[in-house]
Amino acid sequence: MRLFDRFHKNQEASAPAPAADAIFCSTRGGDRVTAMEAVLRGMAPDGGLYVEPGIASRPFDVKACLALSPLQQAEKILAHLLPGFPDMGALVRRAYEGRFASPALTPLVPVGDQYVLELFHGPTAAFKDVALCMLPQLMTAARTRTGAAEKTVILTATSGDTGKAALEGFHDVPGTGIVVFFPHQGVSSVQEAQMLTQKGSNVAVCAVRGNFDDCQSAVKQVFSAYAGTCPVPGVRLSSANSINIGRLAPQVVYYFLAYADLMNRGRIQYGDPVDYVVPTGNFGDILAGWYAKQIGLPVGRLVCASNANRVLTDFLTTGLYDRRRTFYKTSSPSMDILVSSNLERLLYYAEGCDAALVRNDMLRLQNSGYYKISVGVLDRIREDFSAYACSEEETLAAIRRCFAETGYLPDTHTAVALHAAEEYRRAESDGAPLVVLSTASPFKFPEAVLTALGEVPAGDAFAQMEQLARLTKLAAPAALSSLQGLPVLHKDVIDRADIADYVKAKLPQL
Ligand SMILES: *Cc1c(COP(=O)(O)O)cnc(C)c1O
């Protein structure tokens, strides 16, 4: 009953003493909440993201964790990062058991003299599956434990892969609904087919005329406008984007899995640094690597790989974050992003957990389109991060070269990272083992991959998948090839200005 009171009667008015496990606060202000509350809310009411200021100071037995099975590692890491959830082991097993093609979850593949960490063997062939299989489990457990009476409706902006993975995770989950917005003509045709054919009684999928940043900022505005109170009674909005800490935490796990794998192969001993190269868009994936380092994993450098939308490369080099630039549609669309949400979390820590500083930076970004951090803060960030960008020509060249030289076929996003890895090795590497995160199957972007290999893509996306399979003698993931011929169930296309109204109209139907 006290729990119910605390979470649902009058959160602001009576302000009871915070529970001992209320360890999360907003990047932009003070209210402390538990992990469960942070997961249920998705985003803080002040527009900030939930962070744990003391994340690096709570002890975690990394060495013992690395000796466990993949699912046990996931349990330990998630229970540490998100304290208070009852029986994390059961949640982890429900999320992953039988749903990933490999018992390793995210297999590590030697390619040349480096390693590729394949994150795309989940139910929608997206790296987002790692987090989005877990998030509904966390939300359902939090709803049950806190006695939540409202329905939780997930609002999500997607650059392509989050949408499908979230739909797969949340469709027909009791007590939840989901609305997905994606940029009209801004995702690959395979990604579009994945979303438009989604079944489920509690789902809505809608194309928005604009790019991903337009979708994301409009969805964030809906959150801010409806913070605390939703116009439809009995509904609470939440997020499945990586602004939700429950989405970020499961991604910390595969940094451990890769490290444990390198130990098991005898490639490293416990304590040796490993460098990770991460194809980056919203800065969630790479931030998860930084979190792994904060809780003690011996991560060396984190190499941020960007495509032609190189706003993060410039920021991590100069300290100036400037979104006032041309937006490019590239062959790695999930990284076509100019406003990287999760950077706010890194800023918070780098600026000494000073919410006022972060609030200023974010206001300036919103109002003027840029902000600049001090030299000291940039130096602190550069102790952990390097950054490289990859042009369109370099992306296609990286695919062609990798396949010719090693027989390994990367997708366009992975190719951006492979290019960055090469630059990093030339310029900075001290020889530590290099793990390149692979975020998509090449069969999700068959047109670009075929072009890279010097072929002329023919027919629709499914014909191109077959063409790629014939050429490379590889098989397309069943999650993709099985979409062919499924009926299109979602046809809405709207302007970004209409997103709030669309949400309001859809909520009662979900
Ligand atoms: C989402 C995504 C990324 C970028 O990940 P962030 O966490 O947004 O940085 C890269 N590649 C693919 C294929 C993705 O779907």
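Reading guide: rules and limits
- Residues numbered from 1 in each chain as written.
- Predicted model: local features only at pLDDT ≥ 70, side-chain atom pairs only at ≥ 80, totals over all residues.
- Heavy atoms only, no water.
- Helix = DSSP H or I, 4+ residues; strand = E, 2+ residues; numbered from the N terminus.
- Rg over C-alpha atoms; globule rule 2.2 N^0.38 Å.
- Buried < 20%, exposed > 50% of the residue type's maximum accessible area, 1.4 Å probe, protein only.
- Contact = heavy atoms within 4.5 Å.
- Pairing = 2+ DSSP bridges.
- Axes fitted to C-alpha atoms, helices over the stretch in contact; angles between N-to-C directions.
- Core = buried A, V, L, I, M, F, W, Y, C linked by side-chain atoms within 4.5 Å.
- Domains from an automatic or database assignment.
- Phe/Tyr/Trp six-rings, centres within 6.5 Å; stacked < 30°, edge-to-face > 60°.

A. Fine view of the overall build of the protein. When helices and strands are tallied, the protein shows 22 helices and 16 strands. The C-alpha radius of gyration computed for the protein amounts to 21 Å, which stays within 12% of the reference 24 Å derived for 510 residues, consistent with globular compactness. Each principal axis of the C-alpha atoms in the protein carries an extent, and together these give about 65 × 50 × 45 Å. Relative to its full complement of 510 residues, the protein shows a buried share of 59%. Counted over contacts in the protein with a minimum sequence separation of 6, partners at least 24 positions apart contribute 74%.

B. Looking closely at the sheet that holds strand β2 (residues 29-33). Spatially, the three strands line up as an open sheet ordered β2-β1-β3, and their pairing is antiparallel. Single-partner strands in this sheet number two, and they are β2 and β3 (50-51). Note: strand β1 (residues 24-26) against β3, two bridges, orientation antiparallel. Along β3, the bridge assignment pairs Cys25 with Val51.

C. The arrangement of the pairing of strand β11 (residues 299-306) in detail. Judged by how many residues are buried, β11 sits mostly within the fold: eight of eight residues are covered. As paired strands, strand β10 (residues 274-279) and β11 are joined by five bridges and run parallel to one another. Its bridge partner lying in β11, Pro279 is registered against Ala305. With five bridges joining them, β11 and strand β14 (residues 385-389) adopt parallel strand pairing. When the bridges of β14 are listed, Ser306 appears paired with Ala389.

D. Broad picture of the sheet that holds strand β16 (residues 492-495). A sheet is described by the order of its strands in space; here five strands give the open sequence β9-β6-β7-β8-β16, paired in parallel fashion. The sheet is open, and its two borders are formed by β9 (235-239) and β16, each paired with just one other strand. Averaged over all adjacent pairs, the angle separating strand axes in this sheet is 30°, with direction ignored. Taken together, the six bridges between strand β7 (residues 176-183) and strand β8 (residues 203-209) define a ladder with parallel strand orientation. Opposite Pro183, over in β8, you have Val208 as the bridge partner.

E. Representation of the nonpolar core in the model. If you look at the biggest cluster of nonpolar residues, it comprises 112 residues, and the most contacted ones within it are Leu82, Phe85, Phe256 and Tyr276. When residues in this core are grouped by element, the largest group, 13 residues, is from helix α11 (residues 245-264). Counting residues domain by domain, this core receives three or more from each of domain 1 (3-62 + 96-125 + 247-438) and domain 2 (128-241 + 488-509). Ranked by size, the runner-up nonpolar core spans 29 residues in total, among them Val153, Cys206, Cys230 and Val503.

F. Looking closely at the packing of aromatic side chains. On inspection of all chains with the given rule, the structure shows 13 aromatic pairs. Between Phe181 and Tyr502, the ring centres sit 5.7 Å apart and the planes meet at 65°, which makes this aromatic pair edge-to-face. Of this pair, Phe181 sits in strand β7 while Tyr502 sits in helix α22 (residues 499-506); the two residues are 321 residues apart in sequence, bridging distant segments of the chain. With respect to burial, Phe181 and Tyr502 carry one shared label: buried. Taken together through their ring pairs, the aromatic side chains of Trp290, Tyr291, Tyr348 and Tyr349 make up a single cluster.

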